[in-house]
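Structural features, examined
Here is how the chains run, residue by residue.
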Amino acid sequence: MATILEPGQIEAAASSPPFLHLPPNNLFTLRALRLERLADEHPLADYLRLIAGLCHVQQRLMDDPPVAAMLDPERLRVCVEHGLPPFAADSLVREDVWLPYLEALLQRYPAPPQPAIEKALATLRNANTGQRKAWAIALVSGQYSLLPAALAPFLGAALQAAWSHWLLNTPNLELQRGDSLSQCPACGSPAMAGVIHHRGKYNGLRYLVCSLCACEWHVVRVKCVYCEQSKGLEYVSFEDDRHAANQAPLRAEVCPGCNSYLKLIYLENDAEAEALSADLSSLILDMRLEQEGYQRLSPNLMLAPGGD
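Residues numbered from 1 in each chain as written. Predicted model: local features only at pLDDT ≥ 70, side-chain atom pairs only at ≥ 80, totals over all residues. Heavy atoms only, no water.

Topic: the overall build of the protein chain
A tally of regular secondary structure across the protein chain gives 11 helices and 8 strands. Taking 19 Å as the expected radius of gyration for a compact globule of 308 residues, we find that the protein chain reaches 20 Å, a close match to that expectation. For the C-alpha atoms alone, the extent of the protein chain along its principal axes is close to 65 × 55 × 30 Å. A total of 308 residues make up the protein chain; the buried ones form 49% of that total. For the protein chain, the accessible surface area stands at approximately 15,200 Å², while carbon and sulfur atoms represent 52% of it. In the protein chain, 25 side chains carry a positive charge and 34 a negative one; their mean positions are 1 Å apart. (Helix = DSSP H or I, 4+ residues; strand = E, 2+ residues; numbered from the N terminus. Rg over C-alpha atoms; globule rule 2.2 N^0.38 Å. Buried < 20%, exposed > 50% of the residue type's maximum accessible area, 1.4 Å probe, protein only. Areas by Shrake-Rupley, 256 points an atom, 1.4 Å probe, with all protein chains shown as cover. Lys, Arg positive; Asp, Glu negative; His and termini not counted. Charge placed at Lys NZ, Arg CZ, Asp CG, Glu CD.)

Here we look at helix α9 (residues 152-168)
Over its 17 residues, α9 extends 24 Å from the first C-alpha to the last, a length consistent with the 24 Å expected when each residue adds 1.5 Å. Where burial is concerned, most of α9 is hidden: 17 out of the 17 residues are buried. (Expected span 1.5 Å × (residues − 1).)

Comments concerning the environment of Phe-28
Its location among the elements puts Phe-28 in helix α2 (residues 27-39). Setting aside anything within four residues of it in sequence, one finds Phe-28 in contact with Cys-55, Gln-58, Gln-59, Met-62, Gln-160, Ala-161 and Ser-164. (Contact = heavy atoms within 4.5 Å.)

Concerning the domain arrangement of the protein chain
Size of an interface, as often reported, equals the accessible area lost when the parts are brought together. Splitting the protein chain by domain gives domain 1 (25-169) and domain 2 (191-296). In this complex, domain 1 contributes 17 residues to the contact, which on the side of domain 2 involves 15 residues. Between domain 1 and domain 2, roughly 1,400 Å² of surface is buried when both sides are summed, and carbon and sulfur atoms account for 66% of that area. When the area that domain 1 buries against domain 2 is broken down by residue, the three leading residues are Arg-31, Arg-34 and Gln-160, summing to 38%. Remark: the boundary between domain 1 and domain 2 carries 3 salt bridges. Asp-270 is the salt-bridge partner of Arg-34, the closest N and O atoms lying 2.4 Å from each other. Our enumeration of links across domain 1 and domain 2 arrives at 6 residue pairs in polar contact (both at pLDDT 80 or more). Residue assignment for the side of domain 1 that touches domain 2 shows that the elements contributing at least two residues are α2, α3 (45-63) and α9. Counting residues per element, the side of domain 1 that touches domain 2 draws most heavily on α2, which supplies 6 residues. Counted by class, the side of domain 1 that touches domain 2 contains 11 nonpolar, 3 polar and 3 charged residues. (Domains from an automatic or database assignment. Buried area = accessible area lost by both parts, 1.4 Å probe. Salt bridge = Lys/Arg side-chain N within 4 Å of Asp/Glu carboxyl O. Polar contact = N/O pair within 3.5 Å; in protein donor to acceptor, adjacent residues only side chain to side chain. Nonpolar A, V, L, I, M, F, W, Y, C, P; charged D, E, K, R; others polar.)

Observations concerning the side chain of Gln-58
In this fold, Gln-58 is placed in helix α3. At 3.1 Å, the side chain of Gln-58 forms a polar contact with the side chain of Gln-160. If near-sequence neighbours (up to four positions away) are discounted, Gln-58 is found in contact with Phe-28, Gly-156, Ala-157, Gln-160, Ala-161 and Met-302.

Okay, here's the thing in structure tokens:
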């Protein structure tokens, strides 16, 4: 049955920004290429190249996923019907459905001959199903002290490949806003960063990027995504002669109200920027803000920071 909109409703619908912006199918290739470029002359060059290599494997997992890699359509329907994230990470990570992606990654990843990497991969290969899931639960819930830090990039890569594959290959997906601004409507995970778009119908809009599935959802600008206050927000960037402070391609939105911050990527100032690679290549900014007493609430699953 069709719904007839009144004139005022038509205008409101036409002016409402699109709620979702899904990642491209070649997401992980774009990440890998960006990381490889950023690695040149970067103090964390080896680490960025390691993550780039994992991103290439993630793309192969997307293009050629493990057998029986999709979720039960009935389960997705019930979640959507009840307003729940259809790919809820806090429940699916406790099940076996994502484990084929980890197994495939361990088989397909061309590990460089480095003792630390070989040890981490051996630890994952030798772990039983229960232990693998326990580590993954710790990673997605931010309990970093409960897993060896060296395992994070490999577990994170497998989890991201699984959830992004489900997100991009589920037809007629209907998503609703989460309980908080920073919560992904697709899987319930926290945002990793924000992106300010600069083209078409998304021009000037802020979308938060999920740390797990890479779904992007609209959140109005100049509002803290954690405490939802706007008063006193500041924007901090690198001291860089190439960019004026208000034109830096990456800035942290700092909230004095809740003592937190979120990194924002401005595509107008760097059209090829990408959230995960921008985040990992700007860890020095995190160190600076931590020293100033601000807390980071946005995880990056390719990195396990110290502490809880």
